[in-house]
Amino acid sequence: MPEDRLLEARHLARHYGGREAVSDVNLHVNRGEVLGLLGLNGAGKTTTLRMLCGTLAPSAGEIRLCGIDLLESPIMAKRQLGYLPEIPPLYPDTRVREYLHYAATLRRVPRRDRRVAVDAALEATGLADVAHRLIRNLSKGYQQRVGIAQAVVHSPALVVLDEPTAGLDPQQVQDIRKLIQRLQRDRAVIFSSHILGEVQALCDRVVILHQGRQVYAGAPQGGESRVTRSFSLRFRSSPPLEVMAVVPGVEVTERLSNGYRIEIGLDSALDALVALSVEEGWGLVELTEVRPTLEQVFLEVTTGRVEAA
Ligand SMILES: Nc1ncnc2c1ncn2[C@@H]1O[C@H](COP(=O)(O)OP(=O)(O)OP(=O)(O)O)[C@@H](O)[C@H]1O
């Protein structure tokens, strides 16, 4: 495993009763990176993040945090990460500094280091001016910052944030996004969102989950690692749709002038199609891979609609 790899999860799965909520999710994040987990409500984001953080046991799969196996050495592995759940674990009747001091104690920061650790977390999250205030009296945006401060008070290498901007007003959303970018500098961040633009703006890499399955892993611009690949084909003498539709492993998704746009699962299907074209004398003049944008991938998997690239 590369030295800078702070988290690696392989073949993660989780069932609730007999129902599969997450299946065969593989992801990693390196130091200095932000990884975005994108998906609609119910896609499996929270279930995945809870498994990564050791608060929910996977039904299958393995997780390594800074090289430490989470299932074999949970206490040591969990020291490496900070976690902000979807509902921040705040005590509204405590003051910000008092609460962070408590969080540092829970995180086993040595007593002599706690004041410095709390000051650093207050500073990093822009809370120094409200350190003496009751959490109950803070705005939702500031309460979310307190939630992030408790996740970083023990200086973890990896920070996991579950929908950190949900329910905030546009200004508060901007503030939290800037904060995520600052956190990334000397550690790694994983956060979940159902907002495509947010993930594109903040992330180095994106994983899209849909109905518990990983349907995309790659760059925020899109164009990589899809389960199926898309090609446009043009012919001198285009075969009829009925003929194209029965080529094994090839799915026609759009009719083009003198050709088709197709989806294939395996490269062998493409080889077979090219061979057939030669055999039948269709005169294949163009074969181009169509690399969809992240927006197209997201739309396609969430609505079942294929948009022209
Ligand atoms: N404790 C549970 N028991 C049974 N089913 C659950 C449980 N937790 C989640 N699920 C189901 O598992 C699926 C994935 O849920 P999960 O909360 O991980 O999705 P999500 O992408 O985080 O959605 P949201 O954005 O709404 O939180 C959903 O169908 C959900 O109803």
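Residues numbered from 1 in each chain as written. Predicted model: local features only at pLDDT ≥ 70, side-chain atom pairs only at ≥ 80, totals over all residues.

A. Molecular detail of the overall build of the chain. The helix and strand tally for the chain stands at 10 helices and 14 strands. With respect to the principal axes defined by its C-alpha atoms, the chain has extents near 80 × 40 × 35 Å. By residue count, 36% of the 309 residues in the chain fall in the buried class. For the chain, long-range pairs separated by at least 24 residues make up 65% of all intrachain contacts whose partners lie at least 6 apart in sequence. (Helix = DSSP H or I, 4+ residues; strand = E, 2+ residues; numbered from the N terminus. Buried ≥ 20, exposed ≤ 12 C-beta atoms within 10 Å, placed from the backbone. Contact = placed C-beta atoms within 7 Å.)

B. Molecular detail of the site of the ligand. The full set of residues close to the ligand is Y16, A21, G39, N41, G42, A43, G44, K45, T46, T47 and E86. At 3 residues, helix α1 (residues 45–52) tops the list of elements feeding residues into the shell around the ligand. Class assignment of the residues belonging to the shell around the ligand gives a composition of 3 nonpolar, 6 polar and 2 charged. (Near = placed C-beta within 6 Å. Nonpolar A, V, L, I, M, F, W, Y, C, P; charged D, E, K, R; others polar.)

C. Just helix α3 (residues 96–106), in detail. The complete set of buried residues in α3 reads V96, R97, Y99, L100, A103 and A104. In an axial view of α3, the angular spread of the buried residues amounts to 160 degrees, which keeps them on one side of the axis. Residues of α3 that are buried make contact with α4 (114–124) and α5 (140–152). Once α3 ends, the next one or two residues include R108, with phi positive near 60 degrees. (Arc of directions from axis to C-beta.)

D. Examining the sheet that holds strand β13 (residues 259–264) more closely. On the basis of which strands lie adjacent, the open sheet formed by 4 strands has the order β12-β13-β11-β14 and antiparallel pairing. This sheet does not close on itself; its edge strands, each paired only once, are β12 (250–256) and β14 (284–290). Neighbouring strand axes in the sheet, compared pairwise and without regard to direction, differ in orientation by 25 degrees on average. The pairing of strand β11 (residues 229–235) with β14 spans 6 bridges and is classified as antiparallel. When the bridges of β14 are listed, F231 appears paired with E289. (Pairing = 2+ DSSP bridges. Axes fitted to C-alpha atoms, helices over the stretch in contact; angles between N-to-C directions.)

E. Fine view of the environment of Q80. The topology assignment puts Q80 in the loop between α2 (74–78) and β6 (81–84). By the C-beta count within 10 Å, which is 19 here, Q80 ends up partly exposed. Each C-alpha atom, one on Q80 and one on L7, is 9.8 Å from the other, the two residues being 73 residues apart in sequence. The contact partners of Q80, leaving out residues within four places of it in the chain, are L65, C66, I68, P156, A157 and L158.

F. Geometry of unusual backbone geometry. Backbone geometry at S155 places phi at a positive 55 degrees, although glycine is not the residue there. The residue S155 is located in the loop between α5 and β7 (158–161) in this model.

G. How the structure looks around the nonpolar core. Ranked by size, the top nonpolar core spans 69 residues in total, and within it L100, V160 and I208 carry the most contacts. Ranked by residue count, the leading element in this core is α5, at 6 residues. In contact with L100, other than residues within four places in its own chain, are V118, A121, L122, A149, Q150 and V153. In terms of nonpolar packing, the next biggest core, distinct from the first, is built from 6 residues, M244, V250, Y260 and L273 among them. (Core = buried A, V, L, I, M, F, W, Y, C linked by C-beta atoms within 7 Å.)

H. The confidence of the model for the chain, seen in detail. When pLDDT is averaged across the chain, the result is 90; 95% of the residues are at 70 or more. Per-element confidence in the chain ranges from a low mean pLDDT of 77 for helix α10 (residues 294–303) to a high of 97 for α3. Interface confidence for the predicted complex, given as ipTM, is 0.95, next to a pTM of 0.79. (pLDDT = per-residue confidence, 0-100.)

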